[in-house]
Amino acid sequence: MRLLQAEELFRKVLEGGSKKKAARLLGLDVGSKYVGLAVSDEKNRIALPLSVLSRTKTNINLMADDFKTLALKYSLAGFVVGYPFNLHGQHSPDAVQVRLLAGELHQTGKLDDLCYTYWDENFTSKCVEALLHPLNLKNRDEAKTMTDKFAAVCILQGYLDNMNRKLRPTDKSDA
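Thresholds, definitions, all that
Residues numbered from 1 in each chain as written. Predicted model: local features only at pLDDT ≥ 70, side-chain atom pairs only at ≥ 80, totals over all residues. Heavy atoms only, no water. Helix = DSSP H or I, 4+ residues; strand = E, 2+ residues; numbered from the N terminus. Buried < 20%, exposed > 50% of the residue type's maximum accessible area, 1.4 Å probe, protein only. Contact = heavy atoms within 4.5 Å. Areas by Shrake-Rupley, 256 points an atom, 1.4 Å probe, with all protein chains shown as cover. Pairing = 2+ DSSP bridges. Axes fitted to C-alpha atoms, helices over the stretch in contact; angles between N-to-C directions. Parallel < 35°, antiparallel > 145°, perpendicular 65-115°, else oblique. Nonpolar A, V, L, I, M, F, W, Y, C, P; charged D, E, K, R; others polar. Arc of directions from axis to C-beta.

K.L.:
I would appreciate a short explanation of the overall build of the chain in the present structure.
P.N.:
A count of helical and extended segments in the chain gives five helices and six strands. Listed by position from the N terminus, the elements making up the chain come as β-α-β-β-β-α-β-α-β-α-α. The proportion of buried residues among the 175 residues of the chain is 43%. At a minimum sequence separation of 6, the contacts of the chain that also span at least 24 residues come to 68%. Accessible surface, the chain as shown: approximately 10,000 Å² in total, 54% of it carbon and sulfur.

Okay, here's the thing in structure tokens:
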């Protein structure tokens, strides 16, 4: 796994798709217990909820295997990893969890052909919690995993919106 700047990863995605299958991205909302996942559509315009992986100190190889499987299934070019910056744009204390996961995944050597970038995740979980509140989910685990999954959607969608505005040619016929 190689860390790229946000724009560099998106350029790679735009250039990397084959005629048959477009390169896509996987959004990650990293927490201490779960990692929420979202995947981009084939045009890299819309983030879709995917699943949630359990995270423990001992399952990093299993997680790497899961990511490798997802990379093959969805033709992934890389990951957009939610990163908790504070309001001044500096690393927050929660950023340690994110960097730890990225480092552990890199050390497995199973994802060497993939790249990743960090994207600001400020308020994504709070926003999702507010949206899910009317559903009145009784099961705490279900509510937590739902929050993590949709936080990953918010992270990836924010990235896609920003990169599409900045880097994608304005072609009205592609809409």
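K.L.:
Which parts of the structure should I look at to understand the environment of Leu 105?
P.N.:
With respect to the element layout, Leu 105 can be found in helix H3 (residues 95–108). On the accessibility criterion, Leu 105 (3% relative accessible area) is buried. Placed 45 residues apart in sequence, Leu 105 and Ile 60 show a C-alpha to C-alpha distance of 6.7 Å. Ignoring sequence-local partners within four residues, the contact set of Leu 105 consists of Met 1, Ile 60, Met 63, Ala 64, Phe 67 and Leu 111.

K.L.:
Just to check I follow, could you spell out the pairing of strand S4 (residues 47–54) for this structure?
P.N.:
On a regular strand, each side chain points to the face opposite its neighbour's, so the side chains alternate between the two faces of the sheet. Relative to S4, strand S3 (residues 34–40) runs antiparallel, the two being bridged by seven bridges. In the sheet register, Ser 40 faces S4, and the bridge partner there is Ala 47. In this structure, the hairpin formed by S3 and S4 is closed by a connection of six residues, where Asn 44 is found at a positive phi of approximately 55°.

K.L.:
Looking at this model, I keep getting lost on the packing of helix H2 (residues 60–74) against H3. Mind explaining?
P.N.:
A pair of packed helices is characterised by two quantities: the angle between their axes and the separation of those axes. At their nearest, the axes of H2 and H3 sit 9 Å apart, and the two run at 80° to each other. Overall, the two elements H2 and H3 adopt an arrangement that is roughly perpendicular. From H2, Ile 60, Asn 61, Met 63, Ala 64 and Phe 67 reach across to H3, where they touch Leu 101, Glu 104, Leu 105 and Thr 108. Here the residues of the contact of H2 with H3 are counted per class, giving six nonpolar, two polar and one charged.

K.L.:
Could you clarify how one ought to interpret the environment of Arg 24 in this entry?
P.N.:
With respect to the helices, strands and loops of the structure, Arg 24 is situated in strand S2 (residues 24–30). Exposure remark for Arg 24: the relative accessible area of 10% places this residue in the buried category. Taking C-alpha positions, Arg 24 is 9.0 Å from Phe 79, a pair spaced 55 residues apart along the chain. Those residues within four positions of Arg 24 in sequence are excluded, and the remaining contacts are Val 39, Ser 40, Asp 41, Glu 42, Asn 44, Tyr 74, Ser 75, Leu 76, Ala 77 and Gly 78.

K.L.:
I tried to follow helix H1 (residues 6–16) on my own but got confused; where do I start?
P.N.:
Quick reminder: α-helices carry 3.6 residues per turn. Residues three or four places apart thus point the same way. Where H1 is concerned, the buried positions are Ala 6, Leu 9, Phe 10 and Val 13. Angular distribution of buried residues about the axis of H1 spans 95°; they occupy a single face of the element. Residues of H1 that are exposed and point more than 90 degrees away from the buried face comprise Glu 15 and Gly 16.

K.L.:
It is not clear to me how the sheet that holds S3 should be interpreted in this structure. Could you clarify?
P.N.:
Strands sit in the order S1-S6-S5-S2-S3-S4 across an open sheet of six strands; the sheet is mixed. The open sheet is flanked by strand S1 (2–3) and S4, the only strands paired with a single partner. Where H2 meets the sheet, its contacts fall on S2, S3, S4 and strand S5 (76–83), and the angle it forms with S4 comes to roughly 155°. The sheet strands contacting H3 are S2, S3, S5 and strand S6 (115–120), and the helix crosses S5 at an angle near 155°.

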